[in-house]
Amino acid sequence: NINLAIRSSATCEDMPDASFAGQHDTYLNVPHSQVEKNVIECFASLFTPRAISYRNRNNLSHVNAGMAVVCQCMAQDQVSSGVLFTANPLTGRRNESVLEAIPGLGEALVSGLTEPDRYVVLKKEDEFIITDKKIGAKCKAIIPADGGGVTEETSSNSTFEVLTDKEVKSIIQLGQTVQDLYDGKPQDIEWTKSMDGKFSVVQSRPITTLFPCPNVSMSPLQVFFSFNVVQGIIDPIYPTGQDVIKRSLLGGALRWFTWGRHGNTGEFMQTVGERLYINITNILRNSLGRKILTNAMNGIDPASLVAIKELIEENAALDINSGV
């Protein structure tokens, strides 16, 4: 007697450089008598003007587009829901999670119907710290309707918090568990909370918009700075150009300055997204190196200097250990 959620799973969804989130139709709280009808309508949404236009913009084939329809049991007695990004999709920081929460079903959030509560949570060692909190308007909510389907409600009291701080941290921990199941790859997770306070994960998929990280361990912390930024190069560097820079006199000077002189923390220069990045960890841990670098960065890229100062304040791994 549990009603179902009818959702799409298309071949062109969640690609490395394109995400079809919200492009196809979803039907919630569907009684069993209407499942067949809603499955057909979900299949048909593969060729709505919205989906066709999106494929055209991303040069994707209409002929090769395919879809499966997933029928899931609805999470029971939902009082709130939302999405969780286990890495910050705006800054790319893997040690930050972003959580959004609304009352009722998550469809109101996915469709942009309401403004959610938003939390940014920093993971520092084994502790979760809420570094930013914004309480959204939440003026509208979508809730299950009697007899099936959903209905829209308007709320006059939109200033309340959907979650307590303790619940926020519990969801973040749940997200870390899910991420670990996918080999540590950052996830975009949809979750719900029931009346008894139980949290459920209803969907998880990789975050496709993150810029890749250097191929080094996440612990201890290492800091890389874009060589492209120093040179004013916006576009990727061809492999031949990368080899010339790495093996040239310039590359040797950078190796001496960032690696050989101040210890070993990883490759001194790495290719990430066909751009070159310099390991500046040891410079930041050296009193003279830090002074020279921060003074130079003020003229090269002030925005990166702000980020570096934040990293220094937040991470004991960047404490000065040498004055030479």
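Our structure is the block above this text.
Colleague: Is there a simple way to think about the environment of Q203 in this case?
Modeller: Inspection of the secondary structure puts Q203 in strand 11 (residues 199-206). Given a relative accessible area of 22%, Q203 falls into the partly exposed group. Placed 13 residues apart in sequence, Q203 and E190 show a C-alpha to C-alpha distance of 5.1 Å. In this structure the side chain of Q203 is engaged in a polar contact, spanning 3.3 Å, whose partner is the side chain of R7.

Colleague: Explanation requested: the pairing of strand 14 (residues 275-279) in the structure shown.
Modeller: With 4 of 5 residues buried, strand 14 lies mostly within the body of the structure. Here 3 bridges tie strand 12 (residues 224-226) to strand 14, and the two strands are oriented antiparallel to one another. Bridging from a neighbouring strand, F225 pairs with I278 of strand 14. Inspection of the sheet shows strand 13 (residues 269-272) paired to strand 14 by 4 bridges, in the antiparallel sense. By the bridge assignment, V272 is partnered in strand 14 with R275. Taken together, strand 13 and the strand that follows it, strand 14, pair antiparallel across an intervening segment of 2 residues, in which G273 is found at a positive phi of about 60°.

Colleague: Hey, could you run me through helix 4 (residues 165-181) in this one?
Modeller: Two residues of an α-helix separated by three or four positions point the same way, owing to the 3.6 residues in each turn. Taking 1.5 Å per residue as the helical rise, helix 4 with its 17 residues ought to reach 24 Å, and the 25 Å between its terminal C-alpha atoms agrees with that figure. Within helix 4, burial applies to E167, V168, I171, I172, G175, Q176, V178 and Q179. Where helix 4 is buried, its residues contact strand 4 (78-85), strand 5 (96-103), strand 6 (117-124), strand 7 (127-134), strand 10 (187-194) and strand 11.

Colleague: So what exactly am I meant to see when it comes to the pattern of salt bridges here?
Modeller: Close approach of charged atoms allows side chains with opposite charge to pair. Scanning the model with the defined rule gives 13 salt bridges in all. Among the salt bridges present, the one from R118 reaches E100, with a minimum N-O distance of 3.9 Å. In this pair, R118 sits in strand 6 while E100 sits in strand 5, placing the two residues 18 residues apart along the sequence. Overall, the relative accessible area of 22% leaves R118 in the partly exposed class. Here K193 ties to E167 by a salt bridge, and the two come within 2.7 Å at their closest N and O atoms. Of this pair, K193 sits in strand 10 while E167 sits in helix 4; the two residues are 26 residues apart in sequence, bridging distant segments of the chain. Here E167 falls in the buried class, since its relative accessible area comes to 17%. Three or more residues are tied together by salt bridges with common partners; here these are R93, E96 and E310.

The rules we used
- Residues numbered from 1 in each chain as written.
- Predicted model: local features only at pLDDT ≥ 70, side-chain atom pairs only at ≥ 80, totals over all residues.
- Heavy atoms only, no water.
- Helix = DSSP H or I, 4+ residues; strand = E, 2+ residues; numbered from the N terminus.
- Buried < 20%, exposed > 50% of the residue type's maximum accessible area, 1.4 Å probe, protein only.
- Polar contact = N/O pair within 3.5 Å; in protein donor to acceptor, adjacent residues only side chain to side chain.
- Pairing = 2+ DSSP bridges.
- Expected span 1.5 Å × (residues − 1).
- Contact = heavy atoms within 4.5 Å.
- Salt bridge = Lys/Arg side-chain N within 4 Å of Asp/Glu carboxyl O.

The analysis is restricted to geometry; functional conclusions fall outside its scope.
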